[in-house]
Each structure stands twice: as C-alpha cells, then as structure tokens.
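Summary of the model geometry
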Amino acid sequence: MKSFTLFIFMVVLSIQYSLFAQIENVQLNHPVYSFLKEMYVKGLIDYIKEDDPVMSRFEIIKLLDHIKLNESFLSTTEKNLVQKYLEEFSDDLNSENTTQLFSPQNNFISDLPEVLSQKVKYLYGYKAEGNNIFLEGLGHFYHGQRFSPSPTNNANLYDIGFRMRGTIFDKLGYNLTVIKGGVSGNDRLAETIEPKLLSNYKWVEDIENIGNYGFNYGYLKYHAEPMKEMNLAVQLGREDITFGYGYGSKLVLSGDNPTLDFIKFNFDYGVIHFTSMHASTVGNYSADITQRYTKYVALNRLKLSFKNLFDFGIGETIIYSGRGIELGYLSPLAFYKFIEMDLQDRDNGTLWMDFQTNFLKKVQVQATFYLDENILSNLQDLDRFSNKTAYQLNAFWYEPFSIQDFSLIAEYTRIRPYVYSHRVPGNTYTAFGTNLGHRIGPNADELMFRGNYNLNDRIRLTGEFRFTRKGNNIYDENGNLIKNVGGDIFLSHTTTEENRPAKFLDGERINTYHLILGFRIEPVREFYFDIFFNYLSSKNLSKSVTNNLSYGLIKFTLEY
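Residues numbered from 1 in each chain as written. Predicted model: local features only at pLDDT ≥ 70, side-chain atom pairs only at ≥ 80, totals over all residues. Heavy atoms only, no water.

**What to know about the environment of F102**
- Relative to the helices and strands, F102 resides in the loop between β1 (98–100) and β2 (120–122).
- Relative accessible area serves as the criterion here: at 35%, F102 is assigned to the partly exposed category.
- For the pair F102 and G125, spaced 23 residues apart in sequence, the C-alpha to C-alpha distance is 8.3 Å. (Helix = DSSP H or I, 4+ residues; strand = E, 2+ residues; numbered from the N terminus. Buried < 20%, exposed > 50% of the residue type's maximum accessible area, 1.4 Å probe, protein only.)

**Describing the side chain of N266**
- You can see N266 is positioned in strand β9 (residues 260–269).
- A polar atom in the side chain of N266 sits 2.8 Å from the side chain of T275.
- Setting aside residues up to four positions removed in sequence, N266 forms contacts with D52, N231, L232, A233, F274 and T275. (Polar contact = N/O pair within 3.5 Å; in protein donor to acceptor, adjacent residues only side chain to side chain. Contact = heavy atoms within 4.5 Å.)

**Considerations on the pairing of strand β25 (residues 545–559)**
- Alignment of strand β4 (residues 131–148) against β25, held across 10 bridges, turns out to be antiparallel. Paired with G144 across the bridge in β25 is L553.
- Pairing between strand β24 (residues 527–540) and β25: 14 bridges, direction antiparallel. Bridge pairing in β25 places F527 opposite L558.
- With antiparallel pairing between neighbouring strands as the criterion, β24 and β25 make up a hairpin whose turn holds 4 residues, including S544 at a positive phi of roughly 55 degrees. (Pairing = 2+ DSSP bridges.)

**Here we look at the pattern of salt bridges**
- All chains considered together, the criterion is met by 40 salt bridges.
- In this structure, E522 engages K84 in a salt bridge whose closest nitrogen and oxygen atoms are separated by 2.3 Å. Pair noted here: E522 is in strand β23 (residues 508–524) and K84 is in helix α4 (residues 76–90), with a separation of 438 residues, a long-range link. In this pair, the class of E522 matches that of K84, namely buried.
- R520 is the salt-bridge partner of D530, the closest N and O atoms lying 2.9 Å from each other. In this pair, D530 is assigned in strand β24 and R520 in strand β23, connecting sequence segments 10 residues apart.
- According to the relative accessible area criterion, R520 is partly exposed, its value standing at 23%.
- One network of salt bridges, in which partners are shared, links E24, R57, D91, E136, R163, R165 and E559. (Salt bridge = Lys/Arg side-chain N within 4 Å of Asp/Glu carboxyl O.)

**Considering the packing of helix α2 (residues 32–42) against helix α3 (residues 57–69)**
- Where α2 contacts α3, the two axes come as close as 11 Å, and the packing angle between them is 45 degrees. Put simply, α2 runs oblique to α3. Seen from above, α2 lies across α3 with left-handed handedness. Between α2 and α3, the residues in contact are V32, Y33, F35, L36 and M39 and I60, L63, L64 and I67, respectively.
- For the contact of α2 with α3, the per-class residue count stands at 9 nonpolar, no polar and no charged. (Axes fitted to C-alpha atoms, helices over the stretch in contact; angles between N-to-C directions. Parallel < 35°, antiparallel > 145°, perpendicular 65-115°, else oblique. Left-handed = near helix turned anticlockwise from the far one by under 90°. Nonpolar A, V, L, I, M, F, W, Y, C, P; charged D, E, K, R; others polar.)

**A look at the packing of aromatic side chains**
- Taken as a whole and judged by the stated rule, the model has 25 aromatic pairs.
- Clustering of aromatic rings is evident, with ring pairs tying together Y296, Y320, Y329 and Y336.
- In this structure, K37 packs its charged tip against the face of F396, placed 5.3 Å from the ring centre.
- Over the face of the ring belonging to Y528 we find R520, whose NZ or CZ atom lies 4.5 Å from the ring centre. (Phe/Tyr/Trp six-rings, centres within 6.5 Å; stacked < 30°, edge-to-face > 60°. Lys NZ or Arg CZ within 6 Å of the ring centre and 35° of its normal.)

**As for a nonpolar patch on the surface**
- A grouping of V271, I272, L302, F312, I314, M353, F355, F369, Y391 and L393 is seen on the molecular surface, where their side chains present a nonpolar patch of about 750 Å² in accessible area.
- Listing elements by their share of the nonpolar patch, those giving two or more residues are β12 (310–321), β13 (348–357) and β15 (389–398).
- Mapped onto the elements, F369 comes out in strand β14 (residues 363–372). (Patch = residues over 30% accessible without salt bridge, like charges linked within 9 Å, V, L, I, M, F, W, Y side chains within 5 Å. Areas by Shrake-Rupley, 256 points an atom, 1.4 Å probe, with all protein chains shown as cover.)

**A word on the nonpolar core**
- L36, I60 and Y370 are the most contacted members of the largest nonpolar core, which has 54 residues in total.
- A per-element tally of this core places α2 first, with 7 residues.
- Every residue in contact with L36, bar those within four places of it in the chain, is listed here: I45, I48, M55, I60, L63, L64 and I67.
- One finds L138, L189, A190 and Y551 within the second-largest nonpolar core, a separate group that totals 17 residues. (Core = buried A, V, L, I, M, F, W, Y, C linked by side-chain atoms within 4.5 Å.)

**Structural notes on the packing of α2 against α4**
- Close contact between α2 and α4 brings their axes to 11 Å; oriented N to C, the two are set at 130 degrees. In this view, α2 runs oblique relative to α4, as classed from their interaxial angle. In this structure, the crossing between α2 and α4 has a hand that is left-handed. Where α2 approaches α4, its residues V32, F35, M39 and K42 are matched on the opposing element by E78, L81, V82, Y85 and F89.
- Looking at side-chain class alone, the contact of α2 with α4 contains 7 nonpolar, no polar and 2 charged residues.

In structure tokens, the structure reads:
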C-alpha cells in the first residue's frame, strides 16, 4: 500500500536528523488547547494547528516555551498556567513536582499520601534515553439532575480506566486507553449529559441487566524532521479528532461522532500545512447483524499560513460504503472529485474552503464555506435543491475592553437543505447514526455567543447562549412523510423534489434557545470538577407548542 511505503521511506529518511522526546498526542479535551488558542489570539505564538488541533506533547512544550519568553506580556493567571502546563508536559520524573504511586525506588506505594498533592501524578513512569512509558489512571463520575419538565429525575454515569502512553526510539509515540462504565437512573437524561452514549455499541445494544458503555483508543504515531522546520508524521489507530474551524461545532468534522479508526499523514514546512486521512467507521445500528456495514471517510486538506497575515485552506472529503477500501482515495496527491467521477459517481463528495485572520490584535476572524456535491452549473438558482451549501462565520476576541483572562466568541452557522445527505443511504455524512459535521444538521442555522473567564489558574467560568432555527420534514399523524424539505440528514431528495425549489427553513419550524452557565475547578492537580446548568426552550412555530428542559450536571474527572 502507498501509505505503508511512505511510512518506511520516512523511517529511513529521518534516522540522521533530530530526535524528539514525547511524540504521543495530548487528548483532544485537554484544557491546554483552550489556553494555547487564547495565547495565539493574543499574539504570543505565531501558529497553532487549530483546524487539526490534536498535537504531540513535544509540540505543546515548544509553544509553552515560546509563550514563557514573552512573560512580561502575561497576566498573573497566564504565568501560572504556563508554569503549570510546563510541569505537566515535561514528564520529568526526577522533578520535585512529580510523584508516582508505584515507584520501585520508593517501595512502590510510598507516595500514596501525595495523591491529594499539587504534584503531577502518575501510576507509574519510566524514562531512559530514547524510550519511556507512563501509566495513568482515569475515572469519571457524572450526576445529572433534571429540574423540568415534571416529574424530575436524575442519572449517574461512572467509569474507570487507564492510559498507557510513551515514546520509543525517540520517534514512535504510542497510546493505549481503555475506559469502562455503567449508568443508573434515567436513560434519556444520561444520553443528554453524555451524547456519545448514542453511538456506543454496548449502550445501544442494551441486552445486559445494567446500562453500560466503553471507550477505547490506541495508536502508533511516527514523527520525523528530515530538514530543519520540516515536520512529517504518520499516525495509525484510533482517537478522538476534529477537523476544520468552529467553536460551537464544526462543519467538516465536529468530533461529536464515535471515534474513528484512521491512518493520517501530516506534512508541515514553511507556509505549507498538508493533511491526508483515510478513516473507517460504521453505518446506522441495526439489530439484524446482516444489515450492519462499514463505511469509509477520505480527507485531504492543504493550508497556506502566512505569519501575521492570514491562513487560507482548501479541503475535500469523500464518504463511501458497500465495498472495500478504494485505492483511488488512498493517495494524498489527488483531487477526490475527479476520482469519484472516474469511479462512476457513487460516493458522497464535499469540498470546503476556509480563512482565518492573523493581523488583527487580540481578534481573530474565521470563515468556512462548505459545498456538498457540485453547484457550479446552477449558481443562478440559489434555491435549487442541488444547492447543498453551508457557511460559518466566527470571531474570537481575547481581553476585550482590556479585561485580562477574558474571551468573547461569536459564531453564526447556516446549512441549507439536504446538506450531508446522499441518494445512497449508506453514504450519508454520518457514523453510527450521528452527524459527522455540525450538530444542527441540514436546513438550519445557529447563532452562538460564548464568554470564558479564567478566575485563576484553577477556576474557569463559562457562559454560552445559542439560538437555533430548523426546518423539519412534515409528517402526518401516522408518521407518513407529507413533505420532504431537506431537514433530515438520512433522507435525500427524490426525483419529484428535484423539480421544485428547496427553500431554506421550509417545513415544520422549530426555534430553540439554549443557555449554558458553569465553571470548571481543579482544587487538586488532575482532579477536575465541571458544574453546569442548562436551559433549553424549543418552540414549534408550526404547531404553537413549546417544550422546556432544564437540568444540572456535576462531572468529576480523575487523571492520575
């Protein structure tokens, strides 16, 4: 295979060049990414891979070191955060700021009293020249309480697991993570507070005496620098990833979907940043095992980043199923749309372009235009059913009105009818029945505002407001479809619908207001508490019906 040949070539090519300490990635939900984004907008670092945000530990260390060089421009909280993250990502087992529960040098469990200390903690750690291993314990507890509508109810989720990570030969990072959990209380509320349950096989299968779920991740990642400032990386395995710009959700790959299995190639040199990925996932769940199938996601993306000016990128994706891996979509140097046509136009192809400013002080503006299939021959009729387009506009303002440690975000997303859908049901832009793209789906728009404030290096306050409009398909009392307006990602247009316009927000109109207030506190290092209140009000304008939902969430996360 081409990707395997490329991998071997990189191994040979990179032997003579520089070595790296920690190649394994930092998990997507780590708060360091929010901090790096704020420092990027503030102008203290030149570039972060925000559109493909998962980074190796050594990459984050380099960014933190660069921020520390500009210490005179940092607030007290920012200085403390830099120091805190430097201690965490250095993985220095000889530091006075680290401790491990199982330490052969200290009779294994002698460090037990330091479980509640402010030190960086490991279950076990070992480092030698070019090789290391770290074992970390993981645990989560969620308690969700629904306040309205009546009757009130609650749900609890609890899980435990471990993460084994490290680097061997100074170039090959690895990660193995396993989490297993159970649920008690109201199932619907449990799915509300943890949406990933909806695409978890053990939860959906629901054949055991207690609702349970599991998540597992594992990969190998090879990194090399064959020339100064040239970075090559190949990763094989599975982990949570996102792709594209967006703060509330993303048009390209939101990350709300189940974990993908993939092989990914990254190339960075000067202004050029290139990514190619081929991933596999599954279709909708079916109790009939013969109806279950594999589907594939191919992605290519080229971005040009001009320091202190702007970033411009163009990318494309292909969703296909019903056969094995298509060799035509494995090449990183190919234009998928032309290949798809040569393969007799069976697959779901999309194209997107995005833009981000880097020249405005403490303000970044982003724009993404998303094109599902080809509309170039129908530009004169923007209401045509085949005009499957979407766009998103974002703005990030750090330290507005000179308020330190505070950020404001505004985002507007508009998705026309039938976007993400496909005439072949197996090729919808979905995985395990969940949208790979923006959470609102087709025939909808959303306006979002968010504010974040770091009270100090251990407490972060968040407030968010969303207003969403959506046009749903119209059904009769017996569930029979009356009118398809392109509001269902799993239902594409028919021949009859091709002869009429697809008006934006046509159909059964639903307006939703969503308010989120909360904070995260880390009283002890690596012991996190997230406390949030959610209020949703959905108004069906077509039927003059309003439904309200309010609930609270307390989430405890342990990473030892």
